[in-house]
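Next come the chains, spelled out residue by residue.
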2 protein chains.
Amino acid sequence: MRKSSSLKTAALEKSSHLEYFRIAVSVDCVIFGYEEKELKVLLIKSDLKEFAGMYSLLGDLVRPDEDLDEASYRVLKERTDLDDVFLQQVHTFGAVNRHPSGRVVSTAYYSLVNINNHKLKINNNDLRWHPVKGAYKLAFDHKDILTTCLQHLRGRIEEHPVVHNLLNEKFSLRELQEVYEAILNAPLDRRNFRKKITLKNWLVDLNEMEDNVPHRPGKLYKFNKKYIR
Amino acid sequence: MRKSSSLKTAALEKSSHLEYFRIAVSVDCVIFGYEEKELKVLLIKSDLKEFAGMYSLLGDLVRPDEDLDEASYRVLKERTDLDDVFLQQVHTFGAVNRHPSGRVVSTAYYSLVNINNHKLKINNNDLRWHPVKGAYKLAFDHKDILTTCLQHLRGRIEEHPVVHNLLNEKFSLRELQEVYEAILNAPLDRRNFRKKITLKNWLVDLNEMEDNVPHRPGKLYKFNKKYIR
DNA sequence: CCAAAAGTGTTGGCATTACACCCATGA
DNA sequence: TCATGGGTGTAATGCCAACACTTTTGG
């Protein structure tokens, strides 16, 4: 998809009955991770000369024999080796000129993955975890896509315990709060946060304590399986 | 990785692009109207033999030179002769087998139109306004699409004065409440409804009264232009 | 005078916000 | 003993749901 300078090959041009099949369909995945109290997004260095030096989201053309959702799973699986992850369709971007070398309509998904997961292999130098925060450019309309997905994520975490995908199985309430603060990009009141989380009943108290912290250790929790997925 | 390497050779590029262009892109529009205290949807008799006798949403393939959003405007314009209407993208449906005669990925939009608008010409015998409520089948996965759009609409009307698209310019609070009840498929408390609407400040009191009603006439309102669109 | 809908306030419960002190641990 | 975060409750406020009577009009 990225290197599609051949989108207008003679072969395609003359097959005019394919008029309506001259739009390519792709998926782009906003893969969010969480590391060092920051929300990150997995980006890849663009291989298009139009976007030299810039990064883009992970995406690929959809194959004729796979569902749209499957395509986004495949992209994620190929890049991270993770399966069975949370993936959510958000919006489809279809401006005529959004791709410099041809017409590509792209459906955006976002996903949340645990950067420390042992299965997660970022074995490509062009791939990197980039902070979500801050002003920077991305190739194509990918900054729009990222922004749109982040908005959706912000709404989602209020209602659903999706952030479990970002954390290790055991975590303290402070860690959980820090994830929320990173996603919302805003500080939260500790007592009110704990009250709200308690009310939602998402967590199971493990009766274990944090270890190796240079202060009073906190209790550890995990997500109640019945609310996740 | 997979994509990068496959994109490196021109030969592969050509063949795989031909492959990838075998997915067609379409839009489907859920056009909602309101009539006789009921929410309706504009449907067309399917011309596919697989769906003989069934109705489907209005949709069309996206042209290579039009934005996705433009395509949905065009479909609406062609069918209703209305322009400048509210249209909202909701979700993209991309299951491999959703269309019996080929691979078609379709982006769903919904729209709200005033069935009594003088410009609205349903000049086709195969077109009809069908009640949204009730169990019935539609061609393709259009029942899913309709349900998804209805859910989104239900959320939307709580926050935005979009229902103005369904009503005449002047209306009573009763009429407005009936529209909400039709969309939500639930009765609402009159006093609470009026309180909520008043709080939102969407309406302008016209200092006019209903006429030709067999009971005490209500005041007439219109939407404050600054909140619509 | 009857039927139909207009118009109008109050109360209780529940969620949300703001806010401060003592405690346990490691260095 | 200090620094760091853990753990906890209350009061004020705003939002929401439930609920009933009087008024106006047309027939």
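Residues numbered from 1 in each chain as written. Chains lettered and ligands numbered in written order. Predicted model: local features only at pLDDT ≥ 70, side-chain atom pairs only at ≥ 80, totals over all residues. Heavy atoms only, no water.

- Going by the annotation in an unreviewed UniProt entry, the name recorded for chain A is 8-oxo-dGTP diphosphatase, with Niabella drilacis given as the source organism.

### Quick look at the protein's contact with DNA strand D
At step 1: The environment of DNA strand D is formed by 20 residues, the closest being A:Arg174, A:Arg190, A:Lys219, B:Asn192 and B:Arg216.
At step 2: Considering DNA strand D, the proportion of its atoms within 4 Å of the protein that are sugar or phosphate atoms stands at 40%.
At step 3: Measuring from a phosphate oxygen of DNA strand D, one finds a side-chain N or O atom of A:Arg194 at 3.1 Å.
At step 4: When residues of the surface near DNA strand D are traced back to their parent elements, those giving at least two are helix H5 (190-200) of chain A together with helix H6 (190-200) of chain B. (Near = heavy atom within 4 Å. Polar contact = N/O pair within 3.5 Å; in protein donor to acceptor, adjacent residues only side chain to side chain. Helix = DSSP H or I, 4+ residues; strand = E, 2+ residues; numbered from the N terminus.)

### Focus: the side chain of A:Asn124
All names here are of chain A.
At step 1: Residue placement: Asn124 occurs in the loop between strand E6 (104-112) and strand E7 (127-131).
At step 2: Given the relative accessible area of 16%, Asn124 is considered buried.
At step 3: A polar atom in the side chain of Asn124 sits 2.7 Å from the backbone nitrogen of Asp126. (Buried < 20%, exposed > 50% of the residue type's maximum accessible area, 1.4 Å probe, protein only.)

### With respect to the state of the cysteines
All names here are of chain A.
At step 1: The final tally for this structure, using the stated rule, is zero disulfides over all chains.
At step 2: The structure places no disulfide on Cys29, whose sulfur is separated from the nearest cysteine sulfur, that of Cys149, by 9.0 Å.
At step 3: Residue Cys29 is classed as buried on the basis of its relative accessible area, which comes to 0%. (Disulfide = S-S within 2.5 Å.)

### Quick notes on the sheet that holds strand E9 (residues 203-209) of chain B
Residues and elements named next belong to chain B.
At step 1: Reading across from one edge, E8-E10-E9 is the order of the three strands in this open sheet, with antiparallel pairing throughout. Of all strands in the sheet, those with a lone pairing partner are strand E8 (171-172) and E9, marking the two edges.
At step 2: Judged from the four bridges that link them, E9 and strand E10 (residues 219-223) form a sheet pairing that is antiparallel. Across the sheet, residue Leu203 finds its bridge partner in E10, namely Phe223. (Pairing = 2+ DSSP bridges.)

### Some words on the sheet that holds strand E8 (residues 171-172) of chain A
At step 1: Spatial ordering of the open sheet is given by E8-E10-E9 (chain A), a layout of three strands whose pairing is antiparallel. Of all the strands in the sheet, just E8 and strand E9 (203-209) of chain A have a single pairing partner and so form its edges.

### Thoughts on the protein's contact with DNA strand C
At step 1: Taken together, 19 residues surround DNA strand C, and among them A:Asn192, A:Lys195, A:Arg216, B:Arg174 and B:Arg190 come closest.
At step 2: A distance of 3.2 Å separates a base nitrogen of DNA strand C from a polar atom in the side chain of A:Arg191.
At step 3: Between DNA strand C and B:Lys195, the relevant distance is 3.0 Å, taken from a base oxygen to a side-chain nitrogen or oxygen of the residue.
At step 4: Contributing elements (two or more residues each) for the surface near DNA strand C: H5 of chain A together with H6 of chain B.

### Quick notes on the layout of surface pockets
At step 1: Estimates place the volume of the largest pocket at around 710 Å³.
At step 2: For the lining of the largest pocket, the secondary-structure elements that each account for two or more residues are strand E5 (87-93) and helix H3 (142-159) of chain A together with strand E5 (87-93) and helix H4 (142-159) of chain B.
At step 3: The element contributing the most residues to the lining of the largest pocket is H3(A), with five residues.
At step 4: Its residues assigned to classes, the lining of the largest pocket comprises four nonpolar, 13 polar and three charged. (1 Å grid on protein atoms, 1.4 Å probe; cavity = no way out; pocket = protein on both sides within 12 Å on 5 of 7 lines; lining within 4 Å. Points joined across faces, edges and corners; volume = space filled by probe spheres on them. Nonpolar A, V, L, I, M, F, W, Y, C, P; charged D, E, K, R; others polar.)

### Regarding the domain arrangement of chain A
By a widespread convention, an interface's size corresponds to the accessible area lost as its parts come together.
Residue and element names in this part refer to chain A.
At step 1: The assigned domain composition of chain A is domain 1 (5-159) and domain 2 (168-227).
At step 2: Its C-alpha centre places domain 1 at a distance of 31 Å from the equivalent point of domain 2.
At step 3: Of the residues lining the interface, 13 residues belong to domain 1; the matching set on domain 2 comes to twelve residues.
At step 4: Of the roughly 1100 Å² buried where domain 1 meets domain 2, counting both sides, 56% is carbon and sulfur surface.
At step 5: Three residues stand out in domain 1 for area buried against domain 2, namely Tyr34, Ile157 and Glu158, and they jointly supply 45% of the buried area on that side.
At step 6: Linking domain 1 to domain 2 there are two salt bridges.
At step 7: The salt bridge partner of Lys196 is Glu158, with a shortest N-O separation of 4.0 Å.
At step 8: Where domain 1 meets domain 2, there are six residue pairs in polar contact (both at pLDDT 80 or more).
At step 9: Of all elements in the fold, only strand E2 (38-45) and H3 reach the threshold of two or more residues within the side of domain 1 that touches domain 2.
At step 10: The greatest single-element share of the side of domain 1 that touches domain 2, amounting to six residues, is contributed by H3. (Domains from an automatic or database assignment. Contact = heavy atoms within 4.5 Å. Buried area = accessible area lost by both parts, 1.4 Å probe. Salt bridge = Lys/Arg side-chain N within 4 Å of Asp/Glu carboxyl O.)

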